[in-house]
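The primary structure of each chain is shown beneath.
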Amino acid sequence: MTHYTNEKQAQVVIALLKAHGIRRVIASPGTTNMAFVASVQTDPFFEMYSAVDERSAAYMACGLAAETGEPVVISCTGATASRNYLPGLTEAFYRKLPILALTSTQIQAGVGQHVAQVIDRSTTSPDVVKLSVHLPVVHDVDQVWECEIKVNRAILELTRRGGGPAHINLPTTYSRDFTAKTLPEYRKINRWTADDDLPKLSGRVAVFVGAHNTFTDGETAAIERFCEVNDAVVFCDHSSGYYGKYRVQSALLGGQEWTNHSAIAPDTVIHIGEVSGDYETHKIPRKIVWRVNPDGEIRDSFRRLRHLFEMSEQRFFELYSQGEKASGTSYYETCRKLLEQKRSLVPDLPFSNLWIASQFASQVPTGSVVHFAILNSLRAWNFFDLPEGVRSASNTGGFGIDGCMSTLIGAALANPDKLFYLVIGDLAFFYDMNALGNRHLGNNVRILLVNNGKGTEFTQHNHAGSLLGNQAESFIAASGHFGEKSPELVKGYVEALGLEYLSFTAKAQSAAIAERLFGTEMRNAPMLVEAFVDSSDESEALEMIKNLQPTRSGGAKRRLKKAIGPAKFQALKRKLGK
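Residues numbered from 1 in each chain as written. Predicted model: local features only at pLDDT ≥ 70, side-chain atom pairs only at ≥ 80, totals over all residues. Heavy atoms only, no water.

(A) Geometry of the environment of H261. Summarising the element assignment, H261 is placed in the loop between α7 (251-254) and β11 (268-272). Between the C-alpha atom of H261 and that of A58, which follows or precedes it by 203 residues, the distance is 52 Å. With sequence-adjacent residues up to four places away left out, H261 is seen in contact with L253, G254, Q256, K283 and P285. (Helix = DSSP H or I, 4+ residues; strand = E, 2+ residues; numbered from the N terminus. Contact = heavy atoms within 4.5 Å.)

The structure is reproduced here in structure tokens:
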């Protein structure tokens, strides 16, 4: 009778071995690998062999893998058992044989603590395995996800780019519970190349573009054709760099806190690009994700990855655009219509980064480039479109606030005849302010500094810091530094460096500011415009724009939150699934 251990990390390994069709196991004796071995030996799917000597087991696996052309698992206990795999794995490495070394261990915390039979397996020689991963002991869904990713990575590496051995270090808690009759279903991830018989694409399809380098004309044309054939839409933000047809600036749609997104939810998301700062579009549900990138690496940003395509994006979109055009672009039209509806509901926001974005975004000169600092500035401006012909970017790679101004200055050096803008908050500005003293600073640089006197992100209505009230100010939000919104500090600094300085503190002053900031003529000095806003207005504006309703329900929700307090309000939202 089949029975399995109740140790979840072992269950993930067993289930994914079966999902990937890996059935041959050579087991060496021991207690630490008993949770795994005692489970697979009762499952008729697996073809089991025994080898007392781990050195011999690894070489047996070499012969078995070479003859069958299929992966072989070798399983051992703790102590020095795994060290005896090294000669055979070295052989497998140079012959590109698909052997998965499954070394069982006690918990990682025991390494270096003189715990009997615990050794350090965190590093291996470079010519022993192609990939080595260490699994956690599973206690929650995040650790299940970690196991799924790591086990899929190791299994896929066995046959990737010619193949070779891989290693999984599997911890055990020595559970004696083997009462599980079936295994939970864990997520199998497939890797494909252009030479494979590729999976079929069906249902509603959206392309999600993370931060991306400049698209070529060929890449843009391939995406446009793909959308026409598959009735697809392209979800973008200001770091995506895609400006072709079927583009939707989707943050305003995804960011609605009390909205059912089913009308625009895709069945399949095609994920391209790198790290995205568009937290809002991530909230639009999707069933599965296909990842496309030449690096072929697993990037499971949405925790829904099923298919990974190791090929260029252009090649992928061309391969999936072979058929006739769809009868229309109904999905794109649905998204555009809903986006227009939401934009028509945007009220007169409080004076804030969001209000400035709502007024200034459409005035950015065509042909210019805009950079956005992390995080509040990028999010605020992501709710609004920039004019056609304006390119944009943000430092979403490391996602730090420390170098966005330096990045802008470097970008502006590449084309001195083009205007380069930066929208930045006060903490990010003061972090990188020395960059303005660089002697290469170009006259084509224009900076919009939104000064709210703190890290306002940490006091926003939907941030955990808001639950602390004023207690979040001093240390979490770093309030009170840099002159506390001094009207003279930045002015004196930048003017001393030769920059033109302007400031405004109210909506009524914005028209004159915009006229100067967005004038297309090149001036004799770089420019900095400082907007002084209040942090509470920033939070209120964000709450308003994330709760756009055709009725006054948004106001009712704000009144409810004020009445019962932020903590109970957030708990109520979670209870209602909103």
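(B) Molecular detail of the sheet that holds strand β14 (residues 369-372). As summarised here, the arrangement of the 6 strands in space is β15-β14-β16-β17-β19-β18, forming an open sheet in which the pairing is parallel. Taken across any chain shown, the strands that pair with only one partner, and hence form the sheet edges, are β15 (391-394) and β18 (500-504). Recorded for the sheet is a direction-independent mean angle of 20° between the axes of neighbouring strands. Its contacts with the sheet put helix α12 (residues 404-413) on β14, β16 (420-425) and β17 (445-451), and the angle it makes with β16 is roughly 180°. Its contacts with the sheet place helix α15 (residues 510-517) against β16, β17, β18 and β19 (527-532), and it is angled at close to 155° to β18. (Pairing = 2+ DSSP bridges. Axes fitted to C-alpha atoms, helices over the stretch in contact; angles between N-to-C directions.)

(C) Structural context of the environment of T329. Mapped onto the fold, T329 is located in the loop between α8 (313-319) and α9 (330-344). For T329, the contacting residues outside a window of four places in its chain are D231 and Y246.

(D) Representation of a nonpolar patch on the surface in the model. Residues F458, L468 and I476 make up a contiguous nonpolar surface patch of roughly 230 Å² in combined accessible area. Position of L468 relative to the elements: it lies in the loop between β17 and α14 (489-496). Classification of L468 by relative accessible area gives partly exposed; the value is 38%. (Patch = residues over 30% accessible without salt bridge, like charges linked within 9 Å, V, L, I, M, F, W, Y side chains within 5 Å. Areas by Shrake-Rupley, 256 points an atom, 1.4 Å probe, with all protein chains shown as cover. Salt bridge = Lys/Arg side-chain N within 4 Å of Asp/Glu carboxyl O. Buried < 20%, exposed > 50% of the residue type's maximum accessible area, 1.4 Å probe, protein only.)

(E) Spatial organisation of the sheet that holds strand β13 (residues 305-309). The parallel open sheet is built from 7 strands, whose spatial order is β7-β13-β12-β11-β8-β9-β10. Two strands bound the open sheet, and with one partner strand each, they are β7 (190-192) and β10 (247-249). Taken pair by pair, the neighbouring strands of this sheet meet at an average axis angle of 25°, ignoring direction. Of the pairings in the sheet, the one linking β7 to β13 comprises 3 bridges and is parallel in character. The residue of β13 that forms the bridge with R191 is L308. Sheet strands in contact with α9 are β8 (205-209), β9 (233-236) and β10, and its direction is about 30° off that of β10.

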